Amino acid sequence: MSRIAILGATGFIGRNLACAFADDPAYAVVGVRHRRPAWDHPRVAWIHADLTNDADVTRALSGADIVFHAAAATAGAGANVADPLALVVDNQVMNARVFAAAHRLGVKHMVWFSCSIMYASSAEPRRETDYDPSVPLHPAYRGAGATKVYFERMAEWYAGLGKTKFTALRHSNVYGPHDKYDLGRSHFFGATVTKVLTARDGRIELWGAGTEGRDMIHVDDLVAAVRAAIARQTGAFGLYNIGAGEAVRVGEIAQRIVRASGRKLDVAYDATKPSIPVTIALDCARARDELGWRPAIGRDEGIARTRDWWRTHRPTGEVPA
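Residues numbered from 1 in each chain as written. Predicted model: local features only at pLDDT ≥ 70, side-chain atom pairs only at ≥ 80, totals over all residues. Heavy atoms only, no water.

**Here's the deal with the environment of Thr-272**
The topology assignment puts Thr-272 in the loop between strand S14 (266-270) and strand S15 (280-282). C-alpha separation for the pair Thr-272 and Glu-290, spaced 18 residues apart in sequence, amounts to 44 Å. (Helix = DSSP H or I, 4+ residues; strand = E, 2+ residues; numbered from the N terminus.)

Take a look at the structure:
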């Protein structure tokens, strides 16, 4: 039985990973948490750790065969624009300590979640080799994007030292159960679901112009990509785009969420509010060819699943309209 340590197991991606792998008898799952309380599962053991602290990182990773590093400071466009340092400094410290500890402790395989914000804005799907450091990113993405690229390179370097296999997943915009749905911290998709399902005056308002393009992937498809990586990656280092392969306008996604809700709502836009007007789509041929992975959940199916989960769990504490 392989022992998996899931860093950030109370967060969005980490919790979905923990639920999926805890239900698999081939794995013993350790959830690593910091500020959020542990949630109950009979096959998840918990460790409390501050991943900016080296001793805590060592304790969290000790004995692990596989590490899923899903711990990160994240926020929506408003917080990202208002305080970009909040999404950079702690992530830099955590990544540096976790990568070094994985190598030092001889972890067999570490999967780390990069993202796609280092790509220049384009509706044409981007391959892993299309990243061009000479092309300036949107100001809101420059610090975090540079951090992601740097640690991708560090993952490749550590993998080359021969102790630990590393996988870096450049995922697109992920959505689904256990995401943030409060309007103060959530990303576009989670915020829109909450707005649609709690609207009381026949309308919702979106930040920006609604023309921004997002490649949306359901979290279950991301979990499937992780499974594929630990089962099929042959090289010491793997860098893979993980997305749906198509950029869809934010306004269209909002309209689809409205239709899925069964409610009659008008959608308005406020271009004075913070938004990040870029369009990014991912070419995922490498993951398909090397890992046998491709997304399986269509856009409307994923929206319907998220709607049903939200209605069951009421993640914002709101009373539905």
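**Here we look at helix H2 (residues 54-61)**
All of the buried residues in H2 are Asp-56, Val-57, Ala-60 and Leu-61. The buried residues of H2 occupy one face: seen down the axis, they fall within an arc of 125°. At its buried positions, H2 is contacted by strand S1 (2-7), strand S2 (27-33), strand S3 (44-48), strand S4 (66-69) and helix H4 (89-105). N-capping of H2 is provided by Asn-53, with a side-chain oxygen placed 3.0 Å from the backbone N of Ala-55. A positive phi of about 85° marks Gly-63, the residue just after H2. (Buried < 20%, exposed > 50% of the residue type's maximum accessible area, 1.4 Å probe, protein only. Arc of directions from axis to C-beta. Contact = heavy atoms within 4.5 Å. Polar contact = N/O pair within 3.5 Å; in protein donor to acceptor, adjacent residues only side chain to side chain.)

**Description of the layout of surface pockets**
Approximately 270 Å³ is the volume found for the second largest pocket. In this structure, the second largest pocket is lined by 16 residues; those nearest its centre are Thr-10, Arg-15, Arg-36, His-178 and Asp-179. In terms of residue class, the lining of the second largest pocket is made up of six nonpolar, four polar and six charged. (1 Å grid on protein atoms, 1.4 Å probe; cavity = no way out; pocket = protein on both sides within 12 Å on 5 of 7 lines; lining within 4 Å. Points joined across faces, edges and corners; volume = space filled by probe spheres on them. Nonpolar A, V, L, I, M, F, W, Y, C, P; charged D, E, K, R; others polar.)

**As for the pattern of salt bridges**
Taken as a whole and assessed by the stated rule, the structure comprises 17 salt bridges. In this structure, Asp-220 and Arg-305 form a salt bridge, with 3.1 Å as the shortest nitrogen-oxygen distance. Here Arg-305 lies in helix H10 (residues 299-313) and Asp-220 lies in helix H7 (residues 219-232), a separation of 85 residues in the sequence. Residue classification places Asp-220 among the partly exposed residues on the basis of a relative accessible area of 35%. When salt bridges that share partners are traced, they join Glu-152, Arg-153 and Arg-170 into one network. (Salt bridge = Lys/Arg side-chain N within 4 Å of Asp/Glu carboxyl O.)

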